[in-house]
Amino acid sequence: MTTTEPIKSPAPARLTRQTFPVLEMTCAACAVSVESMLNNTPGVAKAAVNYANQSATVEYDTKAITPAGMQQVLQSIGYDLVVDVEDPQQVQQEAQQRHYDSLKKRTLWAGILSVPVVVLGMFFMDAPYVNWIMMALSAPVVFWLGRSYFVNAWKQARHGKANMDTLVALSTGIAFLFSAFNTLYPDFWHSRGLHPHVYFEAAAVVIAFISLGKLLEERAKSNTSSAIKKLMGLQPKTVRIVEDGTERELPIALVRVGQIIVVRPGEKIPVDGVVESGESFVDESMISGEAIPVAKRTGESVFAGTINQKGSFRFVAQKVGGETVLAQIIRMVQEAQGSKAPVQKLVDKIAGIFVPVVIGIALLTFAAWMLLGGDNAFTHALLTSVTVLVIACPCALGLATPTAIMVGVGKGADNNILIKDAESLELGYKVNAVVLDKTGTITEGKPTVTDMAWQVGENEVAKLMPVLYALEAKSEHPLADAVVERLRATGITGPALDGFESLTGRGITGRYENATYVVGNRRLIAESGLADKLTTVTGIVSRWQDEAKTVVYFADKQRILAVIAIADPVKQTSREAIHTLRKRGIAVYMMTGDNTQTASAVAKAVGLSDYRAEALPADKAEFVKELQAQGKVVAMIGDGINDSQALAQADVSIAMGRGSDIAMDVAKMTLITSDLNSVPKALQLSKKTVQTIRQNLFWAFIYNLIGIPIAAGLLYPVNGFLLNPMIAGAAMALSSVSVVSNSLRLRAAKL
């Protein structure tokens, strides 16, 4: 999915960030070349290229350069940018599938033709015409099945650049041409008392092994993007709209805001909107993480990718295309998978100079053997320098970090953790202090009636409950909504009132059947002449207030009819999540703008001793700053606009997905679930991902540090061992595959 979004201040208004699929990249050094070319293109402010997911995120001046202009720049060095198409992701997938199918055929034929060359070279070296037969079999392997390496190497060389294809083209080309010369002109060596060695089998098998390695790498890399494919699969391809009273089917790309869409039982909801008619239950677990289907009636919101259950309904499209919640989630995951962890910057620098350094080592190896090699100096010099070119692998280095990041971000998405960038994923494991907002983070964030104590008989209760419902239904106060929800759940509905008045800061009053009723706080009851009646409910009210519950009174002109306790309940999982964090040695703090009594009760309920009450937004940010000054790496978790300042200040910022858009915009991670247990999971995911990156980099560096000197002949003076180019080719192919496979282990990691 190509994404376009304006860059926020302080960047110029005409600077745009866009993510493009990149085609024809075959190694990590290719990504460095593409990035270098884009960054040196006039009008491009910044470009970051990710080899693992084959994409480029570019910030560019729309008046100075167009996507088509950037495409031309890359086409000049053998790459391509997918621009000006309706579904660039689909174009990229199709191109990758064609590349994979082509690679599969080339690998198969390279293997078929290489096997007889190896057999002849190892067991029938002295047979008549054997060199000619081997040359005839290996020529199509090197120059036809392996032609892409030579074509790409030439395109790079024209611009003074080198990549993995350069190493493969040089090594196999030199080995083949040297062997061909020895086959055509054997007397050149015989006249000098030397035997004309040939290395056709090395050239052919290196192409076969490297092609096999590329095939396995492509297959493994496609698995790392399974999270994106899963998310994209949530959206249906077509929708059923109603126009002029008739239904017709449209491709989803043609849906417009305001159109009425029909959803039948079992269907996926195609875009975001509001129910116009009908009722149903919708499974929103893929968006919210909550397993229980949500009831949908007229006026309720529905989201793309969620699944309708039994009922049918019509809804009005409000957000389509890239504006839907699902599209935003996909975009966030894609950008995170394409972003670079800080460690990757160092690896990119190494990959950028790796190929020229390897070519330099190969030349030094050749020169050293020519000077010190004795009778077989030239043969050994050629063999070792070719082996150095074959065994060197920048791909293992280049894939080490991005594949781990891609799998880590995908694993997070599967666990309802949306990660915006690689930096937060890399930093999360260092967190040793967590600051939690209270409302909506530790608590549900929704006032709920916890207790109702009626002070009248059962018969009167039945008569008075509809009156209470009617009064609260007219109020706009959030606490009134809690009472209405409670009564509605019991099937109660309210009669029409004879009169109604809202009393700011106190409550409401209304008339029904010549009687006056009030619903509100203690002050309103006292004003209504019932101060002496308050003693009758003192005990229960005191107990509720000690539990940090808000008390609402329902009375008429003579007596208190009922007292109602309303609270923002603590989530069932909050205590468990906080316990998990503390068990891992992480200090946990609670910050809230609520009063001390409520904060104390909530802190006690979840086992927290360290909390701050009556905190303003600036106080939260200041507290985060204080912890950072003590040397702590701080994660801030919140869901409201009032948390955004602290979220921006924190080292790792996590927003609860049910919260405000501003909080989610500021935060580097978003939990698309109300379960606080996702916080320790997110920090554990960071730890596992960083471990995987370190393992990958260790093996990639060790492989090259050990492999290149052995290929150069370091062991020859000790035990006479020289590495065969065929074995070097196999080792090089396996190094990339092993790194990607190690990253894929993350998918099975327990969080």
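Procedures and definitions
- Residues numbered from 1 in each chain as written.
- Predicted model: local features only at pLDDT ≥ 70, side-chain atom pairs only at ≥ 80, totals over all residues.
- Heavy atoms only, no water.
- Helix = DSSP H or I, 4+ residues; strand = E, 2+ residues; numbered from the N terminus.
- Buried < 20%, exposed > 50% of the residue type's maximum accessible area, 1.4 Å probe, protein only.
- Areas by Shrake-Rupley, 256 points an atom, 1.4 Å probe, with all protein chains shown as cover.
- Phe/Tyr/Trp six-rings, centres within 6.5 Å; stacked < 30°, edge-to-face > 60°.
- Lys NZ or Arg CZ within 6 Å of the ring centre and 35° of its normal.
- 1 Å grid on protein atoms, 1.4 Å probe; cavity = no way out; pocket = protein on both sides within 12 Å on 5 of 7 lines; lining within 4 Å.
- Points joined across faces, edges and corners; volume = space filled by probe spheres on them.
- Nonpolar A, V, L, I, M, F, W, Y, C, P; charged D, E, K, R; others polar.
- Pairing = 2+ DSSP bridges.
- Salt bridge = Lys/Arg side-chain N within 4 Å of Asp/Glu carboxyl O.
- UniProt positions renumbered as here; feature names shortened; annotations may be inferred.
- Patch = residues over 30% accessible without salt bridge, like charges linked within 9 Å, V, L, I, M, F, W, Y side chains within 5 Å.
- Contact = heavy atoms within 4.5 Å.
- Polar contact = N/O pair within 3.5 Å; in protein donor to acceptor, adjacent residues only side chain to side chain.
- Arc of directions from axis to C-beta.

Can you break down the overall build of the protein chain residue by residue, with the values?
Scanning the protein chain from terminus to terminus reveals 28 helices and 27 strands. Evaluated residue by residue, the protein chain yields a buried proportion of 52% over its 751 residues. As displayed, the protein chain has an accessible area near 33800 Å², and 56% of this comes from carbon and sulfur atoms.

Quick rundown of the packing of aromatic side chains? Include the residues and the values.
For the coordinates displayed, the defined rule picks out 10 aromatic pairs. Ring centres of Phe313 and Phe315 lie 6.2 Å apart, and the angle between their planes is 50 degrees; on these two criteria the pair is classed as tilted. Ring centres of Trp369 and Tyr716 lie 5.1 Å apart, and the angle between their planes is 70 degrees; on these two criteria the pair is classed as edge-to-face. In this pair, Trp369 sits in helix α12 (residues 342–372) while Tyr716 sits in helix α27 (residues 716–719), placing the two residues 347 residues apart along the sequence. Residue class for Trp369 comes out buried when judged on its relative accessible area of 10%. Clustering of aromatic rings is evident, with ring pairs tying together Phe143, Phe150, Phe176 and Phe200. Residue placement shows Arg147 over the ring face of Trp144; its charged tip is 4.0 Å from the ring centre.

Could you give an account of empty space enclosed by the protein, naming the residues involved and the relevant values?
Per the stated rule, a full pass over the model turns up 2 cavities of 30 Å³ or more. Around the second largest cavity, the lining residues are Ala175, Tyr199, Leu382, Leu383, Val386 and Pro725. Sorting elements by how many residues they give to the lining of the second largest cavity places helix α13 (residues 377–391) first, with 3 residues. Looking at the lining of the second largest cavity, its residues break down into 6 nonpolar, no polar and no charged.

So what about the sheet that holds strand β14 (residues 313–319)? Which residues, and what values?
Strand order in the open sheet formed by 6 strands is β7-β6-β8-β14-β9-β12, and the pairing between neighbours is antiparallel. Across the chains shown, the open sheet's two edge strands, defined by having one partner strand only, are β7 (246–251) and β12 (301–302). Where strand β9 (residues 272–278) meets β14, 6 bridges bridge the pair, whose relative direction is antiparallel. Residue pairing in the sheet places Gly278 in a bridge with Phe313 of β14.

Tell me about the pattern of salt bridges, residues and numbers included.
Scanning the model with the defined rule gives 11 salt bridges in all. Its salt-bridge partner being Glu59, residue Arg17 comes within 3.7 Å of it at the nearest N-O pair. In this pair, Arg17 sits in strand β2 (residues 15–23) while Glu59 sits in strand β4 (residues 55–61), placing the two residues 42 residues apart along the sequence. Glu243 is the partner of Arg248 in a salt bridge, and the nearest nitrogen-oxygen pair spans 3.0 Å. By relative accessible area, Glu243 is classed as partly exposed at 29%. Within this structure, Glu460, Asp556 and Arg559 form a network of salt bridges that share partners.

Would you mind going over the UniProt feature "transmembrane region" (unreviewed entry) in the protein chain in detail, with residue names and values included?
UniProt records the feature "transmembrane region" (unreviewed entry) for residues 107–123, 129–146, 167–185, 197–216, 350–372, 378–401, 697–716 and 722–744 in the present numbering. Structurally, residues 167–185 is divided into 95% helix and 0% strand, and its ends, taken at the C-alpha atoms, are 27 Å apart.

Can you lay out the pairing of β4 for me, pointing to particular residues and giving the numbers?
With 7 of its 7 residues buried, β4 lies for the most part within the structure. On β4, burial covers both faces: Ser55, Thr57, Glu59 and Asp61 on one face and Ala56, Val58 and Tyr60 on the other are all buried. Across 7 bridges, β2 lies against β4 in antiparallel orientation. In the strand pairing of β4, Thr16 is matched with Tyr60. When strand β3 (residues 44–50) meets β4, the two strands line up antiparallel, connected through 6 bridges. Looking across to β4, one finds that Val49 is bridged to Ala56.

Lay out a nonpolar patch on the surface with the relevant residues and their values.
On the surface, Tyr129, Trp132, Ile133, Phe181, Leu184, Tyr185 and Phe188 cluster together into a nonpolar patch covering about 750 Å² of accessible area. Of all elements in the fold, only α4 (130–145) and α6 (164–184) reach the threshold of two or more residues within the nonpolar patch. Among the structural elements, Phe181 can be located in helix α6. You can call Phe181 partly exposed: its relative accessible area is 32%.

Pulling in residues and values, what's your account of the environment of Asp80?
The topology assignment puts Asp80 in strand β5 (residues 80–81). Put simply, Asp80 and Glu24 are 56 residues apart on the chain and 6.6 Å apart in space, counted from C-alpha to C-alpha. Not counting chain neighbours up to four residues away, the residues in contact with Asp80 comprise Pro21, Val22, Leu23, Glu24, Gln71 and Gln75. At 3.3 Å, the side chain of Asp80 forms a polar contact with the side chain of Gln71.

Give a description of helix α21 (residues 574–583) that names residues and reports values.
Listing the buried residues of α21 in full gives Ser574, Ala577, Ile578, Thr580 and Leu581. Buried residues of α21 fall within an arc of 155 degrees about the axis and therefore sit on the same side. Away from the buried face of α21 by more than 90 degrees, exposed residues His579 and Lys583 are located. Turning to α21, the residues buried within the fold contact β16 (433–437), α16 (438–442), β23 (587–591) and α26 (678–711). Residue Gly585 follows α21 closely and has a positive phi angle near 85 degrees.

Outline the side chain of Thr306, listing residues and values.
Among the secondary structure elements, Thr306 is positioned in the loop between β12 and β13 (307–308). Note on Thr306: relative accessible area 0%, which makes it buried. One polar contact links the side chain of Thr306 to the main-chain carbonyl oxygen of Phe303, over a distance of 2.6 Å.

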